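# Survey of secondary and tertiary structure
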Amino acid sequence: MGHTMPSSCRYSLPARALTALAVLAVSFIAHASEISDNTPEEMTPLLLSVPNAPVPFNGSDGRTHLVYELTLTNFSSGEVAVEKVEVLSDGVVLQDLDTATIATRLQPAGQRESTGSLAKSTQATLFLNVALAPGSPIPQQLTHRVTARPSAAPPGHQEITETGGPTAIDRQAVVIIGPPLEGANYISADSCCDSTRHTRAALPINGSVWISQRMAVDWEQLDNEGRVYSGRREKLESYTIFGKPVLAVSDGVVVNTIDGEPEQTPGKYPAGISLTEADGNFVIQDLGQHRYALYAHMQPGSIRVHKGDRLTRGQVIGLVGNTGNSVAPHLHFQVMGGPSSFTSNGLPYEIDSFQITGQTPGTAAFDKAEADGTPLAVSLESPPRAVKNALPLDQLIIAFPK
């Protein structure tokens, strides 16, 4: 996806190219007044763009979030180190990313490891989560100011600052839904907005790049001892969430479903899973206004609905399983802008009522507890915090009361 430049072309133009440009300038000087917009013409070796405008939503932290991606293209013949990124609204800095932070959020095309620089003639995605202070107005447009160090630049131009990537805020209504499960001690694993497994799962499919899992969550559950499972790790029944009923989050029609995919052995990802098998046994539901819900990895033979069925909120549609590309029993849930779980982009949603009863120490601690079957050290909230109309953020302990 990078833009490869000829070997003779660098950030500093060769003398013969400058001569050619001078000749062209003489030819066009008579028309200069017609085409000039008084904008200075400068080399911009770093190209900035936003492929998908952010949709503001309420997070469970009480803040409005803007989650989106900034594409950076290194249109030069040398490496570009990205030193600073500022997100602006009307000239005001909303977010400031330093060199260390950028190195954890900048992902080269086709890779899952982050970096702080772009190799020559390559493209990368900077994953952004702008959390506005409570009560702050939602901006109408964002721009980005990037400070970088291009190695191919001529002397005296080794540090550049570019402003670009303008994007209007997408003010489409955020869908309000009910919970997909019932009960307590659920973990919102790999949820929005800074976890890497879902938010950064960019996939090139059918000639386009999609991030359908941008707002996805893997719901798991702790037992009364704080364990994800108790007993043999490889046994499905050892997992607290296994077999729990999956509930329709809203009224709406089933547009697709698959059943009959086999259970996988917990503790390891299955080999040889195709794209069509990745979701295991699933249901996709039309929520209206071009928004669709995906419920994935359910038990074989447990899905109780069919394509074309009209669901009602709270209706049991299947049971939590471990089918498809899954390492442990869980419910994968997401809302997206199309009826495909891959060729669509993830959209935010807000659950109308739930309680936050605690928080885990983070993804690394959760992964260890899931791998070892050991109790997860949870910071409890006492009393539980009631939340209305918000998206549960990452690594929270959630209760969905009846």
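Numbers given to residues run from 1 along each chain, matching the order in which its sequence is written. It should be noted that, the model being predicted, local features are given only for residues of pLDDT at least 70 and side-chain atom pairs only at 80 or more, the latter also being counted only at that level, while totals for whole chains, interfaces and linings use all residues. Hydrogens and waters are ignored; side-chain quantities use all the structure's heavy atoms.

### Re the environment of asparagine 256
Short version of the rule: Secondary structure elements are taken from DSSP: a helix is a run of H or I of four residues or more, a strand is a run of E of two residues or more, and numbering for both begins at the N terminus. What makes two residues a contact is simply this: any of their non-hydrogen atoms within 4.5 Å.
With respect to the helices and strands, the residue asparagine 256 is situated in strand β17 (residues 252–258). Taking the C-alpha atoms as reference points, asparagine 256 and leucine 94, separated by 162 residues in sequence, lie 40 Å from one another. Not counting residues within four places of it along the chain, the set of residues in contact with asparagine 256 comprises Phe282, Val283, Ile284 and Lys307.

### Notes on the packing of aromatic side chains
Keep this limit in mind: Centre distance within 6.5 Å is the pairing criterion for rings of Phe, Tyr and Trp, where only the six-membered ring of Trp is used; planes under 30 degrees apart are then read as stacked, over 60 as edge-to-face, and the remainder as tilted. Buried, partly exposed and exposed residues are distinguished by accessible area as a fraction of the type maximum, computed with a 1.4 Å probe on protein chains only: under 20%, between the cut-offs, and over 50%, respectively.
Overall, the coordinates contain five aromatic pairs when judged by the stated rule. For the pair tyrosine 229 and tyrosine 239, a centre-to-centre distance of 5.0 Å together with 35° between the ring planes defines the contact as tilted. Here the residue tyrosine 229 occupies a position in the loop between β15 (217–221) and β16 (245–247), and tyrosine 239 occupies one in the loop between β15 and β16, the gap between them amounting to 10 residues. Of the two residues, tyrosine 229 and tyrosine 239, both sit in the buried class. Among the aromatic side chains, those forming a connected cluster through ring pairs are Tyr186, Trp219 and Phe400.

### Some words on the nonpolar core
Where a protein is soluble and globular, its nonpolar side chains tend to be buried together. Quick reminder of the rule: Take the buried residues of types Ala, Val, Leu, Ile, Met, Phe, Trp, Tyr and Cys, join any two whose side-chain atoms come within 4.5 Å, and each joined set is a nonpolar core.
With 43 residues, the main nonpolar core has Trp219, Tyr295, Phe333 and Tyr349 as its most contacted residues. A total of four residues in this core trace back to one element, the largest contributor, which is strand β23 (residues 349–359). Setting aside residues no more than four positions away along its own chain, tyrosine 295 makes contact with Val246, Leu247, Ala248, Val249, Asn281, Phe282, Val283, Gln285, Ile317, Leu331, His332 and Phe333.

### Regarding the side chain of threonine 199
Spelled out, the test is: Side-chain atoms alone can form a polar contact between residues adjacent in sequence; in general such a contact is a pair of N or O atoms within 3.5 Å, and within protein one must be able to donate a hydrogen while the other accepts it.
For threonine 199, the position within the fold is in the loop between β12 (183–189) and β13 (203–205). Here serine 195 takes part through its backbone oxygen, which lies 3.3 Å from a polar atom of the side chain of threonine 199. In this view, threonine 199 contacts Val67, Phe127, Cys192, Cys193, Ile211, Gln213 and Arg214; residues no more than four positions away in its chain are not counted.

### Observations regarding the state of the cysteines
What is meant by a disulfide is a covalent connection between two cysteines, made through their sulfur atoms. For clarity, the cut-off: Throughout, a disulfide means two cysteine sulfur atoms within 2.5 Å of one another.
Considering all chains together, one arrives at one disulfide under this definition. Between the sulfur atoms of cysteine 192 and its disulfide partner cysteine 193 the distance amounts to 2.1 Å. Across the disulfide from cysteine 192 to cysteine 193, rotation about the S-S bond amounts to roughly 100°, and the bridge is consequently right-handed.

### Regarding unusual backbone geometry
With an omega dihedral of 20°, the bond running from cysteine 192 to cysteine 193 counts as a cis peptide bond. Relative to the assigned elements, cysteine 193 resides in the loop between β12 and β13. Serine 382 connects to proline 383 through a cis peptide bond whose omega is 0°. By the secondary structure assignment, proline 383 is in strand β24 (residues 379–390). The phi angle at aspartate 90 is positive, at roughly 55°, despite the residue not being glycine.

### Remarks on the side chain of glutamine 221
One can find glutamine 221 in strand β15. Since its relative accessible area comes to 6%, glutamine 221 is described here as buried. From its side chain, glutamine 221 meets the backbone oxygen of alanine 184 in a polar contact 2.9 Å long. Polar contacts involving the side chain of glutamine 221 include one to the side chain of lysine 244, which spans 2.7 Å. Aside from chain neighbours lying at most four places away, what touches glutamine 221 is Ala184, Asn185, Tyr186, Arg227, Val228, Thr240, Ile241 and Lys244.

### Remarks on the pairing of strand β22 (residues 331–336)
Rules: When DSSP finds at least two bridges between two strands, those strands are taken to pair.
Counting buried positions over the six residues of β22 gives six, a clear majority of the element. By the alternation rule, side chains of β22 split into Leu331, Phe333 and Val335 and His332, Gln334 and Met336, which are all buried. Pairing between β15 and β22: three bridges, direction antiparallel. Paired with aspartate 218 across the bridge in β22 is histidine 332. In this structure, strand β19 (residues 291–298) lies alongside β22, joined through five bridges in antiparallel fashion. Following the sheet pairing, tyrosine 295 is matched in β22 by phenylalanine 333.

### Looking at the confidence of the model for the protein chain
Do not read the fine detail of predicted coordinates wherever pLDDT is low. To keep it simple, the criterion reads: pLDDT is a residue-level measure of predictor confidence that goes from 0 to 100.
Mean pLDDT for the protein chain: 90, with 91% of residues reaching 70 or above. Confidence drops under a pLDDT of 50 for residues 1–36, and excluding neighbours within four residues, the segment shows 32 contacts in the predicted structure.

### Details of helix α4 (residues 363–372)
Worth spelling out the cut-off: What the arc measures is the spread of directions leading from the helix axis to the C-beta atoms.
Among the residues of α4, Phe366, Ala369 and Glu370 are the ones counted as buried. Looking straight down α4, one finds its buried side chains confined to an arc of 100°; they lie on one side. Residues of α4 that are exposed and point over 90 degrees away from its buried face: Ala364 and Lys368. For α4, the elements touching its buried residues are β12 and β15.

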